[in-house]
Amino acid sequence: MGHPGRWRLARELAAALVFAGLREVHGVLLGVARGATLEALPLSGGLDFAPSAFRFLGEQRAHGETHLGAALGDLPTGFARGDAVVISDFLDPHGAERGLETLAAAGWRADLCRIRAAGELDLPPGGAWVLDPEGSGRTQVPEDASARRAVHDALERSDAALAEAARRRGAVLVDLDAEMPLSAALTRVFAALAGARRA
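We now turn to the structure provided with this report. (Residues numbered from 1 in each chain as written. Predicted model: local features only at pLDDT ≥ 70, side-chain atom pairs only at ≥ 80, totals over all residues. Heavy atoms only, no water.)

### Let's talk about the pattern of salt bridges
Then comes step 1: Enumeration over the complete set of coordinates arrives at 12 salt bridges.
Then comes step 2: Between arginine 34 and glutamate 39 there is a salt bridge whose closest N-O contact spans 3.5 Å.
Then comes step 3: Arginine 167 is the salt-bridge partner of glutamate 164, the closest N and O atoms lying 2.5 Å from each other. Of the two residues, glutamate 164 and arginine 167 both sit in helix H5 (residues 145-169), three residues apart, roughly one turn of that helix.
Then comes step 4: Where salt bridges share partners, they join Glu101, Glu164, Arg167, Arg168 and Arg169 into one cluster. (Salt bridge = Lys/Arg side-chain N within 4 Å of Asp/Glu carboxyl O. Helix = DSSP H or I, 4+ residues; strand = E, 2+ residues; numbered from the N terminus.)

### Remarks on the side chain of serine 44
Then comes step 1: Relative to the helices and strands, serine 44 is located in the loop between strand E2 (37-40) and helix H2 (50-59).
Then comes step 2: Only 2.9 Å separates the side chain of serine 44 from the backbone oxygen of proline 42, close enough to count as a polar contact.
Then comes step 3: The residues touching serine 44, leaving out its near neighbours within four places in the chain, are Leu22, His26, Gly27, Val28 and Phe49. (Polar contact = N/O pair within 3.5 Å; in protein donor to acceptor, adjacent residues only side chain to side chain. Contact = heavy atoms within 4.5 Å.)

This is how it looks when you write it as structure tokens:
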């Protein structure tokens with residue numbers, strides 16, 4: 001989630017979903033995946049938890065790559081499972097679909113909000129250096145045509161694997177543009193979730 005727009009929308013969307021869950025008197029577990037670990041607040045309920053949740057989200061910064069499968073394996077146990085909403089770009093070098101499989105194996109029903117910035121997967125000219133806040137910091141774009149095609153193909157395979165895992169598990173996969181306002185994102189997310197529940 002290193003792109004500034006993605007990170008902004010992810011935090012705002014998470015805050016809105018937390019508030020909605022608390023308002024409906026649900027228990028809420030809020031966590032952020034970092035590498036192969038999950039930094040999470042304790043399971044909480046009631047609107048008194050909202051300020052702590054919002055502070056937690058405000059303190060988070062994008063850094064390092066994410067291994068969703070391993071990180072979501074850190075979810076606390078000892079209480080009834082429920083619905084999980086995973087907000088991510090799902091650009092996971094270990095396979096983003098593994099996160100969904102981890103949740104399903106632990107008894108969670110998961111839905112996915114994938115945030116991408118327009119054109120962010122379009123490779124700039126070969127040899128250019130690009131910022132990579134989720135990796136080494138800077139990465140050089142390959143010049144070789146076959147290497148560029150390999151990057152493109154790997155991204156397509158990753159997205160296809162996630163879509164197939166979502167279909168298999170009955171998960172909703174909602175695509176959001178990083179620059180869209182929160183109101184538009186919430187409209188799309190809740191419409192998708194409501195439609196899936198009616199189906």
